[in-house]
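A structural walkthrough
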Amino acid sequence: MRNLFRLNLRQPLQKYLPQVSKHRFAIASPLLGDPNVLAWSNLGFWRNTLDDQNISDYQRACAQLAQQVGLAAGLQTSDVVLDLGCGQGASLAYWAKQFGIQHLSALEIQPACIARIQAAHLPQLDGIYQAPFDQLPLPDHRLNHAFDAVVCVDAAYHAQLADFLAVNMAALKPQGRMAFTTLVKSSRWPQAGWLYQHLTLKLLNMAYVPAQNLQPQHEIIATLQQAGCIDIQLQVLDQEVFSGFAKYIQQLEAPKHLAWAAKTDWLKIKLTAQLCHFLAQHGLIHYMLVSARLA
Ligand SMILES: C[S@@+](CC[C@H](N)C(=O)[O-])C[C@H]1O[C@@H](n2cnc3c(N)ncnc32)[C@H](O)[C@@H]1O
């Protein structure tokens, strides 16, 4: 954490990394513990829900976070599903395998992720679009009101909720379901001192979560209600996600003989883990699972 304070917190993290051609959202999944082509790149859910034991395997933890989202969305085999911010596509294979989904589409902003997913030729994938999940119109008119469920694992905090919801609403059929994880201001936020508030916002801004994307829980509920959602459920996952990821990365040994670009990838991972530790410790921001249904 100490090193972070030497940085100018007004600047995104990328400013401090050497110029490489990577997208700002690119995550080096092999360094995290997933070398697969369709790799995970989320923060993980580090508690086994069956036996309550901690998980120490990155791919399992990521799959567990997706499972929480899939269960919250009530995914059923007959559902036509849209995945927002699917990253390198591990979640797409997961929905097909674990929930038996036969018809999937996805939006993702990174061209490199789109190329990987296209190369994998997933039989259940009807369409993969390089498109933002917070801007209308949808990239193909056939996506309008075409989905029973929209899911988003560990990505929605990169967007303003109202914009993200507008995309969900446009994609969902009537009575469609949505589930996503995001970051939410906790009830301790208003009482926190200016310094902690300011520091938290600056650190999150460096991780591409600008202040305007963070709302308190009651505003999230109000925004969902205004958008026409019912059956709204919110669940705090701070321990399982923030603390779990921070502990996992803390005990990973720094890989040896890394090229310069990979060293910056490793630094980004370490800083993300320190941010998670900071958020878990101070409790001003929750990691939250949100689900709802259209009326
Ligand atoms: C932390 S990763 C999670 C990836 C994947 N869901 C997973 O569980 O492995 C967040 C993803 O959201 C994508 N993303 C961020 N902002 C986006 C936007 N506005 N539109 C589409 N994708 C976005 C990033 O490119 C990245 O792949």
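See the structure above.
All of these numbers come straight from a predicted model, not from anything done at the bench.

By rolling a water-sized probe across the atoms, one finds the places where empty space is left. Estimated volume of the second largest pocket: approximately 280 Å³. Lining the second largest pocket we find 13 residues, and of these Ala 246, Gln 250, Ala 273, Gln 274 and His 277 sit closest to its centre. When contributions to the lining of the second largest pocket are tallied by element, the ones reaching two or more residues are helix H8 (238-251) and helix H9 (260-282). Residue composition of the lining of the second largest pocket, by class: 5 nonpolar, 6 polar and 2 charged.

The next point concerns the nonpolar core. Within the largest apolar cluster, 68 residues are counted, with the highest numbers of intra-cluster contacts made by Leu 75, Leu 92, Trp 95, Leu 183, Phe 245 and Tyr 287. Counting residues per element, this core draws most heavily on H9, at 8 residues. If near-sequence neighbours (up to four positions away) are discounted, Leu 92 is found in contact with Asp 83, Cys 86, Leu 104, Ala 106, Ile 117, Leu 122 and Leu 125. With 32 residues, the next largest nonpolar core counts Ala 155, Ala 159, Phe 164 and Leu 172 among its residues.

In this structure, the amide linkage connecting Leu 136 to the following residue, Pro 137, adopts the cis form with an omega of 0 degrees. Following the sequence through the fold, Pro 137 ends up in the loop between strand S3 (125-130) and strand S4 (147-152). In the Ramachandran plot, His 145 falls in the positive-phi region, its phi being about 50 degrees despite a non-glycine side chain. For His 145, the location among the structural elements is in the loop between S3 and S4.

Before going further, it helps to spend a moment on the site of the ligand. Residues in close proximity to the ligand total 20 residues, the closest being Ser 41, Gly 85, Glu 108, Phe 133 and Val 153. The contact in question runs from a nitrogen atom of the ligand to an N or O atom on the backbone of Val 153, over 2.9 Å. About the coverage of the ligand: the protein hides 96% of its 590 Å² of free accessible area. Its residues assigned to classes, the shell around the ligand comprises 11 nonpolar, 6 polar and 3 charged.

What counts as what
- Residues numbered from 1 in each chain as written.
- Predicted model: local features only at pLDDT ≥ 70, side-chain atom pairs only at ≥ 80, totals over all residues.
- Heavy atoms only, no water.
- 1 Å grid on protein atoms, 1.4 Å probe; cavity = no way out; pocket = protein on both sides within 12 Å on 5 of 7 lines; lining within 4 Å.
- Points joined across faces, edges and corners; volume = space filled by probe spheres on them.
- Helix = DSSP H or I, 4+ residues; strand = E, 2+ residues; numbered from the N terminus.
- Nonpolar A, V, L, I, M, F, W, Y, C, P; charged D, E, K, R; others polar.
- Core = buried A, V, L, I, M, F, W, Y, C linked by side-chain atoms within 4.5 Å.
- Buried < 20%, exposed > 50% of the residue type's maximum accessible area, 1.4 Å probe, protein only.
- Contact = heavy atoms within 4.5 Å.
- Near = heavy atom within 4 Å.
- Polar contact = N/O pair within 3.5 Å; in protein donor to acceptor, adjacent residues only side chain to side chain.
- Areas by Shrake-Rupley, 256 points an atom, 1.4 Å probe, with all protein chains shown as cover.

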